[in-house]
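Listed below, chain by chain, are the residues.
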Amino acid sequence: MAIKAYLLIEAEVGKTKRVVEAIRKLEGVVSVDVVTGPYDALAVIQGETPDDVRELIVAKMARVAGISRIVSCLAVELS
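Let me begin by describing the structure that accompanies this report.

So, how was this worked out
- Residues numbered from 1 in each chain as written.
- Predicted model: local features only at pLDDT ≥ 70, side-chain atom pairs only at ≥ 80, totals over all residues.
- Heavy atoms only, no water.
- Pairing = 2+ DSSP bridges.
- Helix = DSSP H or I, 4+ residues; strand = E, 2+ residues; numbered from the N terminus.
- Axes fitted to C-alpha atoms, helices over the stretch in contact; angles between N-to-C directions.
- Contact = heavy atoms within 4.5 Å.

1. Thoughts on the pairing of strand 2 (residues 29–34)
Two strands pair when backbone bridges link them, and strand 2 and strand 3 (residues 41–47) are joined in this way by five bridges, in the antiparallel orientation. When the bridges of strand 3 are listed, Val34 appears paired with Ala41. Two successive antiparallel strands, strand 2 and strand 3, enclose a turn made up of six residues, where Gly37 displays a positive phi of approximately 105°.

Now the structure itself:
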């Protein structure tokens, strides 16, 4: 079963468009939307394992120029 996470992203002032365009190009990104409120964008990502999700966030997403903060929320199933 794939692991899904929601990422709340804050971009540096004036860099939201550039950040969103860069994130959309990353493998494992399902969608990215610009949002209103305290965050600038909301991304949905997916990986086969928790390590895949961690790698996408830590090694790829966090290196996108213009991102100042990422809050990650892993989706869980209730039984």
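Having put the structure on the table, let's press on.
2. A word on the sheet that holds strand 3
Spatial strand order, 2-3-1-4: four strands in an open sheet with antiparallel pairing. Edge positions in the open sheet fall to strand 2 and strand 4 (67–74), since each of these has one partner strand only. When the angles between neighbouring strand axes are averaged without regard to direction, this sheet yields 20°. Bridging between strand 1 (residues 3–11) and strand 3 involves seven bridges; their strand directions are antiparallel. Counted as the bridge partner of Lys4 is Gln46 from strand 3. Most of the contacts of helix 1 (residues 16–24) go to strand 2, to which it runs at about 165°, and overall it touches strand 1, strand 2, strand 3 and strand 4. Seen against the sheet, helix 2 (residues 50–60) touches strand 1, strand 2, strand 3 and strand 4 and runs at an angle of roughly 140° to strand 3.

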